[in-house]
Amino acid sequence: MDKVFIEGLEIEALIGIYDWERRIRQTLRFDLEMGFDNRKPAASDAIADTLDYKAVSKRLVDFVGQSDFGLVETLAERCAALVIAEFGVPWLRLKLSKPGAVRGAQAVGVVIERSAREES
């Protein structure tokens, strides 16, 4: 299966379980790999036949920017379900990083893999 990816998408969000986290917006970093058959867009050279990574990115920015979850695990699951449902992606791998959350670590977070079969 071919993959379309988005790497290093930074989005400001209200996320966290501590009181101080609930008062500030934090930068989250998203890396996505999405399964997609690229043969049709390669043959047609038409954007309409692609998995439009700009549209996926914009939708995630809108969703995450308005979200208010406590856990990165919850946010990652909701983002994966959104991409699968709204963009017809059969499989994805999503890495959600929370930079600076733990002293001494560049970032912490989760990596999940989901498929459309699981969402049905």
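Residues numbered from 1 in each chain as written. Predicted model: local features only at pLDDT ≥ 70, side-chain atom pairs only at ≥ 80, totals over all residues. Heavy atoms only, no water.

Draft legend 1. Representation of the nonpolar core within the structure. Formed by 30 residues in total, the largest nonpolar core has its most connected members in F30, M34, L60, L75, V83, L94 and L96. Of all elements in the fold, only β1 (3-13), β2 (26-35), α2 (53-66), α3 (72-87), β3 (91-99) and β4 (107-115) reach the threshold of two or more residues within this core. When residues in this core are grouped by element, the largest group, eight residues, is from α3. Apart from the residues within four sequence positions on either side, L94 is in contact with F30, D31, L32, A76, C79, A80, V110, V111 and I112. (Core = buried A, V, L, I, M, F, W, Y, C linked by side-chain atoms within 4.5 Å. Buried < 20%, exposed > 50% of the residue type's maximum accessible area, 1.4 Å probe, protein only. Helix = DSSP H or I, 4+ residues; strand = E, 2+ residues; numbered from the N terminus. Contact = heavy atoms within 4.5 Å.)

Draft legend 2. Geometry of the environment of A80. Tracing the sequence through the fold places A80 in helix α3. In this structure A80 comes out as buried when scored by relative accessible area, which is 0%. Residues A80 and E113, 33 residues apart in the sequence, show an inter-C-alpha distance of 8.3 Å. Beyond its immediate stretch of four places on either side in the chain, A80 contacts L92, L94, I112 and R114.

Draft legend 3. Seen up close, the packing of aromatic side chains. Summed over all chains, the structure comprises one aromatic pair. Centroid distance F63 to F69: 6.5 Å. Interplanar angle 45°. Geometry classified as tilted. For F63, a relative accessible area of 22% puts it in the partly exposed group. (Phe/Tyr/Trp six-rings, centres within 6.5 Å; stacked < 30°, edge-to-face > 60°.)

Draft legend 4. Up close: the sheet that holds β3. The four strands lie next to each other as β1-β2-β3-β4, forming an open sheet whose pairing is antiparallel. Both outer strands of the open sheet, β1 and β4, are each paired with one neighbouring strand and no more. Each neighbouring strand pair of the sheet contributes to a mean axis angle of 15°, computed without reference to strand direction. As paired strands, β1 and β2 are joined by nine bridges and run antiparallel to one another. The residue of β2 that forms the bridge with L9 is F30. The strands touched by α2 are β1 and β2; relative to β1, the strand with the most contacts, the crossing angle is about 25°. (Pairing = 2+ DSSP bridges. Axes fitted to C-alpha atoms, helices over the stretch in contact; angles between N-to-C directions.)

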